[in-house]
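Close look at the chain arrangement
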Amino acid sequence: MPAATAPRTAAIRRLLPKPPPWVVMYHSIADTTDDPYRVTVSPVRFARQLHWLNDRGLRGVSVRELLAARAAGRAKGLVGLTFDDGYADFVESALPLLRRHGFTATVYVLPGRIGGENAWDGDGPRKPLLTEDGILRVSEAGMEIGSHGLRHVSLPTVDAETLAEETRRSRELLEEITGGPVDGFCYPYGDVDARAVRSVRNAGYRYGCAIAPGPLTCAHALPRIHIDERDTSWRLTAKRLLHPLRRRHPGDLDSDLDRARDLDLDRARGLDRARTGTGVRAAGRDVVREAP
């Protein structure tokens, strides 16, 4: 590239919207021959996928850690690992492999179905969900616990009262179980609209994960890449290379994260109040109301 062209190219790149962080989406880690929705990855394939990340100098982290690093300009080499639905097999199949690599992850659970099963799936096997003890084990192992709503319903289809229960009440229940803040929400089925995003933000979450939110992409509707049993090394490479092209957005994510970083001090003060009886959840909601 000619020397005179380089500054111009760099300036153009700065004007282009940055792609959101790379966040991948898992569900169940188990051996199965019946997987109609492609939500199950075998432990052997999962181990190979983690090796693929490690061999390329990439480190899997929770979405909370990823966004904090991005806000501080330290997100290079980090990949968000997420597990939807809160399947019980996470404890025995996924957790040991994650810990072997020094990775963390975010597990999105359904407090309205604790100890239940994936009754929302019409086909395929019944899979047990985490119990309250299982959620605590995952949290105590250093993983982030996030909300997937109460019962796994499509938020754009529900009334206002149900929407508040699925977002705000699910957060309250999980904070009672874990004893700590629940910062992240994950939209069931990836279904999202502007009303659902507002509800998630107003419920006090610092971020939300969708799948392909398009123009709604923001800190409360992050896109993710689905990972399944078919994802060998070359498919993972292709997904990583295509991510910046397929997931560009209007550029409001970084400004949202900057605002969140500016509010960290207020959040810390809120946590101090919680320790004296004010409550973590109230402090979290106060922080979000201050953001534009």
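The preceding data block contains the structure.
None of these values were measured; they are calculated from a predicted model.

1. Some points on the overall build of the protein
In terms of regular secondary structure, the protein is built from 11 helices and 10 strands. Burial statistics for the protein: of 292 residues in total, 49% are counted as buried. Put simply, of all contacts in the protein between residues at least 6 apart along the chain, 66% involve residues at least 24 apart. Accessible surface for the protein amounts to roughly 13600 Å². Of this, 52% is attributable to carbon and sulfur atoms.

2. Let's talk about the packing of helix H4 (residues 89-101) against helix H5 (residues 132-140)
Where H4 meets H5, the closest approach of the two axes is 10 Å, and the angle between their N-to-C directions is 20°. Here H4 is positioned roughly parallel relative to H5, judged by the angle of their axes. At the point where H4 passes H5, the crossing takes the left-handed sense. Between H4 and H5, the contacting residues are Phe90, Val91 and Glu92 on the first element and Gly134, Arg137 and Val138 on the second. Across the contact of H4 with H5, the residue classes break down as 3 nonpolar, 1 polar and 2 charged.

3. Section: the packing of aromatic side chains
Taken as a whole and judged by the stated rule, the model has 7 aromatic pairs. Ring centres of Phe185 and Tyr187 lie 5.4 Å apart, and the angle between their planes is 75°; this geometry places the pair in the edge-to-face category. When sorted by exposure, Phe185 lands in the same class as Tyr187, which is buried. Residue placement shows Lys127 over the ring face of Tyr87; its charged tip is 6.0 Å from the ring centre. A cation over a ring is seen here: Arg171 above Tyr205, with NZ or CZ 5.6 Å from the ring centre.

4. With respect to the pairing of strand S1 (residues 23-26)
Of the two faces of S1, the one lined by Val23 and Met25 and the one lined by Val24 and Tyr26 are each fully buried. Direction of pairing for S1 relative to strand S5 (residues 78-83): parallel, over a ladder of 4 bridges. The residue of S5 that forms the bridge with Val24 is Leu81. As paired strands, S1 and strand S10 (residues 225-226) are joined by 2 bridges and run parallel to one another. Paired with Val24 across the strands is Ile225, a residue of S10.

5. Focus on helix H6 (residues 160-178)
Look at H6: 27 Å from first C-alpha to last across 19 residues, which is about the 27 Å you get at 1.5 Å a residue. Arg169 marks the point of greatest bend in H6, at about 30°. Leu163, Glu166, Thr167, Ser170, Arg171, Glu172, Leu174, Glu175 and Ile177 are the residues of H6 that are buried. Its side-chain oxygen placed 3.3 Å from the backbone nitrogen of Glu161, Asp159 serves as the N-cap of H6. One or two positions beyond H6, positive phi appears at Gly179, with a value near 75°.

6. Details of the environment of Leu98
Here Leu98 lies in helix H4. Residue class for Leu98 comes out buried when judged on its relative accessible area of 0%. Setting aside anything within four residues of it in sequence, one finds Leu98 in contact with Phe46, Leu50, Leu81, Phe83, Phe90, Phe103, Ala105 and Met143.

7. Let's talk about the pattern of salt bridges
The final tally for this structure, using the stated rule, is 13 salt bridges. Note that Arg151 is salt-bridged to Glu166, the shortest N-O span being 3.0 Å. Here Glu166 lies in helix H6 and Arg151 lies in the loop between strand S7 (144-147) and H6, a separation of 15 residues in the sequence. Accessibility expressed as a relative area gives 30% for Arg151, which makes it partly exposed. We note a salt bridge from Asp231 to Arg235, for which the minimum N-O separation is 2.9 Å. The exposure class assigned to Asp231 is buried, which follows from its relative accessible area of 1%. Here the salt bridges do not stand alone but share partners, grouping Arg38, Asp228 and Arg230 into one network.

Criteria and cut-off values
Residues numbered from 1 in each chain as written. Predicted model: local features only at pLDDT ≥ 70, side-chain atom pairs only at ≥ 80, totals over all residues. Heavy atoms only, no water. Helix = DSSP H or I, 4+ residues; strand = E, 2+ residues; numbered from the N terminus. Buried < 20%, exposed > 50% of the residue type's maximum accessible area, 1.4 Å probe, protein only. Contact = heavy atoms within 4.5 Å. Areas by Shrake-Rupley, 256 points an atom, 1.4 Å probe, with all protein chains shown as cover. Axes fitted to C-alpha atoms, helices over the stretch in contact; angles between N-to-C directions. Parallel < 35°, antiparallel > 145°, perpendicular 65-115°, else oblique. Left-handed = near helix turned anticlockwise from the far one by under 90°. Nonpolar A, V, L, I, M, F, W, Y, C, P; charged D, E, K, R; others polar. Phe/Tyr/Trp six-rings, centres within 6.5 Å; stacked < 30°, edge-to-face > 60°. Lys NZ or Arg CZ within 6 Å of the ring centre and 35° of its normal. Pairing = 2+ DSSP bridges. Expected span 1.5 Å × (residues − 1). Bend = angle between axes of the 7 residues up to and from the residue. Polar contact = N/O pair within 3.5 Å; in protein donor to acceptor, adjacent residues only side chain to side chain. Salt bridge = Lys/Arg side-chain N within 4 Å of Asp/Glu carboxyl O.

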